Amino acid sequence: MVKVTLNGTVLAESDKTVVVENNHYFPPDSVKKDLFSNSSTSTVCPWKGTASYYNASVDGNKVKDIAWYYPEPKSAASQIKDYVAFYKNKVAIEV
């Protein structure tokens, strides 16, 4: 089971993550979406496609661009469509 926390609050937990480039991508239904809001940030990966980002709010503290996902990945990354990955320097990840 892989778990992501921010200040002790669980943001995501799953035993069905997909590891890509040393990042655990969490299935959409394993992420506590009520703690997230959409960010205006987007980036482009040459082989995965365009990533969208989430901000998170926990106990009144907002962390910008804490996580990212690929809503329409390129075919090589189709297995992570809508799966959510987290920045290791912004959260605690327990494997």
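Before reading further, recall that the structure is shown in the block above.
Bear in mind the structure is a predicted one, so any value in this text is a computation, not a measurement. (Residues numbered from 1 in each chain as written. Predicted model: local features only at pLDDT ≥ 70, side-chain atom pairs only at ≥ 80, totals over all residues. Heavy atoms only, no water.)

**Observations regarding the side chain of Asp65**
- Mapped onto the secondary structure, Asp65 falls in strand β7 (residues 61-69).
- Asp65 gets classed as buried once you look at its relative accessible area, which sits at 12%.
- At 2.9 Å, the side chain of Asp65 forms a polar contact with the side chain of Thr41.
- Apart from residues no more than four positions distant in its own chain, Asp65 is found in contact with Ser39, Thr41, Tyr53, Tyr54, Asn55, Tyr87 and Lys90. (Helix = DSSP H or I, 4+ residues; strand = E, 2+ residues; numbered from the N terminus. Buried < 20%, exposed > 50% of the residue type's maximum accessible area, 1.4 Å probe, protein only. Polar contact = N/O pair within 3.5 Å; in protein donor to acceptor, adjacent residues only side chain to side chain. Contact = heavy atoms within 4.5 Å.)

**Some points on the pairing of strand β5 (residues 36-45)**
- Here β5 runs beside strand β6 (residues 49-58); their pairing, made up of seven bridges, is antiparallel. Following the sheet pairing, Thr43 is matched in β6 by Ala51.
- In sequence, β5 turns back onto β6 through a hairpin of three residues. (Pairing = 2+ DSSP bridges.)

**Examining the nonpolar core**
- Counting residues in hydrophobic clusters, the biggest one holds 18 residues, and the most contacted among them are Leu11, Phe36, Ile66 and Phe86.
- Of all the secondary-structure elements, those providing two or more residues to this core are β1 (2-6), β2 (9-14), β6, β7 and β8 (84-86).
- The residues contacting Ile66, other than those within four sequence positions of it, are Leu6, Leu11, Phe36, Tyr54, Asn55, Ala56, Ala85, Phe86, Tyr87, Lys90 and Val91.
- Formed by 10 residues, the second largest nonpolar core is a distinct cluster that contains Tyr25, Cys45, Ala51 and Tyr70. (Core = buried A, V, L, I, M, F, W, Y, C linked by side-chain atoms within 4.5 Å.)

**Comments concerning the pattern of salt bridges**
- Going through the model one piece at a time under the given rule, you end up with four salt bridges.
- Residues Lys81 and Asp82 are paired through a salt bridge, measuring 3.9 Å at the closest nitrogen-oxygen approach.
- The class of Asp82 is partly exposed, set by a relative accessible area of 28%. (Salt bridge = Lys/Arg side-chain N within 4 Å of Asp/Glu carboxyl O.)

**With respect to the packing of aromatic side chains**
- Overall, the coordinates contain seven aromatic pairs when judged by the stated rule.
- Arranged with centres 6.1 Å apart and planes meeting at 50°, the rings of Phe36 and Phe86 form a pair that is tilted. Here Phe36 is found in strand β5, whereas its partner Phe86 is found in strand β8, with 50 residues between them in sequence. Across this residue pair, the class does not change: Phe36 and Phe86 are buried.
- Here Tyr54 and Tyr69 contribute two aromatic rings whose centre-to-centre distance is 4.7 Å and whose plane-to-plane angle is 20°, an arrangement assigned as stacked. You can see Tyr54 sitting in strand β6 and its partner Tyr69 sitting in strand β7, a full 15 residues away along the chain. Accessibility assignment for this pair places Tyr54 and Tyr69 in one class, buried. (Phe/Tyr/Trp six-rings, centres within 6.5 Å; stacked < 30°, edge-to-face > 60°.)

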